[in-house]
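# Summary of structural features
Residue-level listing of the chains:
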Amino acid sequence: MADKQVVLITGATSGIGLLIANKLHNNGFKVFGTGRHPAKHQDKVLFELLPLDVTSDESIAKCIEILSTKTPVLDVLINNAGFALGGVVEDTSIEQARKLFETNFWGTVKVTKAILPLMREQRSGRIITTGSLSGLIGLPAMSYYSSSKHALEGFFKSLRFEVKGFNIKVSVIEPAFYKTNIDAAAELAPETIKDYDKIRKQVSQFVADTLANAPTAEPVAELVLKIIKSKEPKFSYPIGKNSKFLPMLQFLSPAMFESGFLQKLKL
């Protein structure tokens, strides 16, 4: 293990996390993936899976304890665990929103805090987090998901300053639409208010059409490998169709961005 970089990837049993884990394993990294039920997936992957529920403080502590018995160092943390929540604000309960933030934001924060002492002590490390284009722009009927990803952007922008002196590099990748299982695993708010029927229908159709024509997510895994190999990685790595153009347009011309998006949704 001494000649291999050691990587911990949360949410590595499916989707982008699985692609990243396989890519790094195939490129000679020692990969530890995590999942809530690793026994169900271990025989399907070539890297070791550890049990982890990012919403549980006890589970996080246990995972780090197990990891410490397997390796004295951790070169890279990849925060990938998360899920999507769709629905307009009025339809979505605060309980649903809290559940989303416990995974997408607080789960990521807690895992990061748990590994920071090790990286600070070894005076090196990479922290790469799977954000989203939704963390750079607002999307209708995805307010809470978008806000959880915006929160990650702010958290890691600040953390990057704090740990720079310890040679810990912090980056966020911001994928646009790719074919993954995130839509199948998404939770949806109940449709209770008829006034929102039109926007729900149009957004749902837009997402379905976009995903149907979206590419597979291998480029995201390639990007992660590139970031790890970079001596001085940037903070922000948007990737995918319009992932750079839309945030720029929103910043430079909010009115044009909004009108264009509404036209795209046929609203």
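Anyway, here's the lowdown on the structure attached to this text. Residue indices begin from 1 for each chain and proceed along its sequence in written order. Confidence filtering applies because this is a predicted model: local features only for residues at pLDDT of at least 70, side-chain atom pairs given and counted only at 80 or more, and all residues used for totals across whole chains, interfaces and linings. For the side-chain quantities, the full set of heavy atoms in the structure was used; hydrogens and water were omitted.

Attention shifts here to the overall build of the protein. Helix and strand definitions follow DSSP, with helices as H or I runs of at least four residues and strands as E runs of at least two, each counted in order from the N terminus. Per the secondary structure count, the protein includes eight helices and nine strands. By its C-alpha atoms, the protein is 60 × 40 × 30 Å across when sized along the principal axes. Throughout, exposure labels follow a simple rule: accessible area from a 1.4 Å probe, protein chains only, divided by the maximum for the residue type, with under 20% read as buried, over 50% as exposed, and the rest as partly exposed. Relative to its 267 residues, the protein shows a buried fraction of 45%. Pairs of residues are marked as contacts when any of their non-hydrogen atoms sit within 4.5 Å. The long-range fraction of contacts in the protein, counting pairs at least 24 apart against all pairs at least 6 apart in sequence, stands at 72%. Only the protein chains shown count as cover for residues, and all accessible areas are computed by the Shrake-Rupley method using a 1.4 Å probe. Split by element, the accessible area of the protein, about 13800 Å² in all, is 56% carbon and sulfur.

Turning our attention to the sheet that holds strand β2 (residues 30-35). Spatially, β3-β2-β1-β4-β6-β7-β9 is the arrangement adopted by the seven strands of the open sheet, whose pairing is parallel. Lying at the two open borders of the sheet, with one neighbouring strand each, are β3 (48-51) and β9 (236-239). When the angles between neighbouring strand axes are averaged without regard to direction, this sheet yields 20°. Strand pairing requires that DSSP identify at least two bridges connecting the strands. Relative to β3, β2 is paired through four bridges, and the arrangement is parallel. To get an axis, a line is fitted to the C-alpha atoms, and for a helix only the part in contact is used. The angle between two axes follows their N-to-C directions and goes from 0 to 180 degrees.

Now for the pattern of salt bridges. Only one rule defines a salt bridge in this text: a Lys or Arg side-chain nitrogen within 4 Å of an Asp or Glu carboxyl oxygen. In the structure shown here, the tally under the stated rule is nine salt bridges. A salt bridge links Lys169 to Glu232; its shortest N-O distance comes to 3.3 Å. Of this pair, Lys169 sits in strand β7 (residues 168-175) while Glu232 is found in the loop between α6 (218-229) and β9, placing the two residues 63 residues apart along the sequence. Take Lys169: its relative accessible area is 14%, and that puts it in the buried class. Look at Glu232 and you get exposed, because its relative accessible area is 56%. Three or more residues joined by partner-sharing salt bridges are found here, namely Asp91, Glu191, Lys194, Asp197 and Arg200.

Where helix α7 (residues 245-252) meets helix α8 (residues 254-264), the closest approach of the two axes is 5 Å, and the angle between their N-to-C directions is 125°. On the basis of their axis angle, the class for α7 and α8 is oblique. Contacts from Leu246, Leu249, Gln250, Phe251 and Leu252 in α7 reach Pro254, Met256 and Phe257 in α8. Any angle between 65 and 115 degrees counts as roughly perpendicular, while under 35 counts as roughly parallel, over 145 as roughly antiparallel, and the rest as oblique.

We now examine α7. Taken together, the buried positions of α7 are occupied by Leu246, Pro247 and Leu249. Each buried residue of α7 lies within a common arc of 160° when the element is viewed along its axis, so the set occupies one face. With respect to the buried face of α7, the exposed residues turned more than 90 degrees away are Phe251 and Leu252. In this structure, the buried residues of α7 make contact with α8. Picture the helix axis, draw a direction to every C-beta atom, and the arc is the one those directions span.

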